[in-house]
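Understanding the architecture of this molecule
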Amino acid sequence: MQAVQCVHLGPPDELQLNTLPDPTPGPGEVVIEVHAAPLNFPDVLMIQGKYQMRPELPFTPGAEVAGLITAVGEGVTHLKVGGKVASFVQLGGFAQQVKAPASATFPLPDGVEFAEGAALPLAYGTSAHALIDRAELKEGQTLLVLGAAGGVGLAAVQIGKALGARVIAAASTDEKLELCRVNGADETINYSNQDLRSALKELTGGKGPDVIYDPVGGKLAEPAFRSIAWGGKYLVVGFAEGDIPALPLNLPLLKGASVVGVFWGEFARRDPKKNLANLRQLLTWMGEGQVRPHISARYALADVPQALKDMAGRKVTGKAVVESQR
């Protein structure tokens, strides 16, 4: 099979497309013929050695996939050869085949294309865990989503609406905000030409958002937290801007607010049953038309370096996927 490999840490252009042996499943594993593998911002960081998980070299990036099961390992009874599935694999997705843990692999219903199904485990799993489990977002509350046109951001917009919240989407261009409105955002803020705090004060009547979903970090974190409602929850999802912010600790005190960490990968490992329940809820919402991943770009395996450069350059809205059988 062909697979994209990171043989030494560095920029995307230094990735290699190599021929590797076909994988075979061990106990509790399956092999998936990969039809779609979404790109995620951690892929950009991981190949440079800037992510918290540092795999042993060489490795194949790509954390989630969708495709067809070609082999089933010992002890796997709920998945069959030929089944259409999605899976969270952590590594190995940018390849024609991948070995996956059966416990992190789930069937896709008819009518869900591979690219859409592949986007569910990480981006939608993260946002579901953040808003359902960590924020306990309630109907009628106000949710602010920063970086709202990105993969996890757009997922948060859709899930927030499915939970009955009023959603304020914040992004850097009018084009991105239009995408957010199409996907359910009630209000929008362009933080490139609007003052975030002033806009939030106006949109919430001075109350502030009850929940803030932040996958961006950097300079937006402090003004966003200063705008939070009394007793609000600030979800720390990631740091796409690159800088990890340092919040003055008097702010949670003055606002009676909570800073809440969201680490979906560890949650999924520690509580696979709850994670699976969230994924089932996402599939239900997808069937009802409330949740639908927005696929903005499709790349072949050979184009993974360019795809990761587009991701790093903030050129991707929603999800971009690698289609390994092209």
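What counts, and where the lines are drawn
- Residues numbered from 1 in each chain as written.
- Predicted model: local features only at pLDDT ≥ 70, side-chain atom pairs only at ≥ 80, totals over all residues.
- Heavy atoms only, no water.
- Helix = DSSP H or I, 4+ residues; strand = E, 2+ residues; numbered from the N terminus.
- Buried < 20%, exposed > 50% of the residue type's maximum accessible area, 1.4 Å probe, protein only.
- Contact = heavy atoms within 4.5 Å.
- Core = buried A, V, L, I, M, F, W, Y, C linked by side-chain atoms within 4.5 Å.
- Axes fitted to C-alpha atoms, helices over the stretch in contact; angles between N-to-C directions.
- Parallel < 35°, antiparallel > 145°, perpendicular 65-115°, else oblique.
- Left-handed = near helix turned anticlockwise from the far one by under 90°.
- Salt bridge = Lys/Arg side-chain N within 4 Å of Asp/Glu carboxyl O.

Topic: the environment of Leu 122
With respect to the helices and strands, Leu 122 occurs in helix α3 (residues 120-134). Judged by its relative accessible area of 15%, Leu 122 is buried. Placed 172 residues apart in sequence, Leu 122 and His 294 show a C-alpha to C-alpha distance of 14 Å. Setting aside its immediate chain neighbours within four residues, Leu 122 contacts Asn 40, Ala 63, Glu 64, Phe 88 and Trp 264.

A few points about the nonpolar core
The biggest cluster of nonpolar side chains holds 46 residues, and the ones touching the most others in it are Leu 131, Leu 143, Tyr 213 and Leu 235. Mapped by element, the contributors of at least two residues to this core are α2 (114-118), α3, β8 (142-145), α4 (151-162), β9 (166-171), α5 (174-182), β11 (211-214) and α10 (272-288). Those residues in contact with Leu 235 that lie beyond four places of it in its chain are Ala 130, Leu 131, Arg 134, Ala 135, Val 211, Ile 212, Tyr 213, Asp 214, Val 260 and Val 262. By size, the runner-up hydrophobic cluster in this structure holds 33 residues, among which are Val 34, Leu 39, Tyr 51 and Leu 79.

Concerning unusual backbone geometry
Pro 58 follows Leu 57 through a cis peptide bond whose omega is -10°. Within the element layout of this structure, Pro 58 appears in the loop between α1 (41-46) and β4 (64-72). One non-glycine residue, Gln 90, lies in the positive phi region at around 70°. Looking at the secondary structure, you find Gln 90 in the loop between β5 (84-88) and β6 (97-101).

As for the packing of α3 against α4
Remark: α3 packs on α4, axes separated minimally by 8 Å, with the N-to-C direction vectors making an angle of 50°. In terms of their interaxial angle, α3 and α4 are classed as oblique. α4 is crossed by α3, and the crossing has right-handed handedness. Contacts from Ala 123, Tyr 124, Thr 126, Ser 127, Ala 128 and Leu 131 of α3 reach α4 at Gly 151, Val 152, Ala 155, Ala 156, Gln 158, Ile 159 and Gly 160.

Comments concerning the pattern of salt bridges
Counted by the stated rule, this structure contains 15 salt bridges. One salt bridge in this structure joins Glu 113 and Arg 298, with 3.2 Å as the shortest N-O distance. Taken as a pair, Glu 113 in the loop between β7 (105-107) and α2 and Arg 298 in strand β14 (residues 295-299) lie far apart in primary sequence, 185 residues in all. A salt bridge links Asp 210 to Lys 207; the nearest nitrogen and oxygen atoms lie 2.5 Å apart. Using a relative accessible area of 15% as the deciding quantity, one classes Asp 210 as buried.

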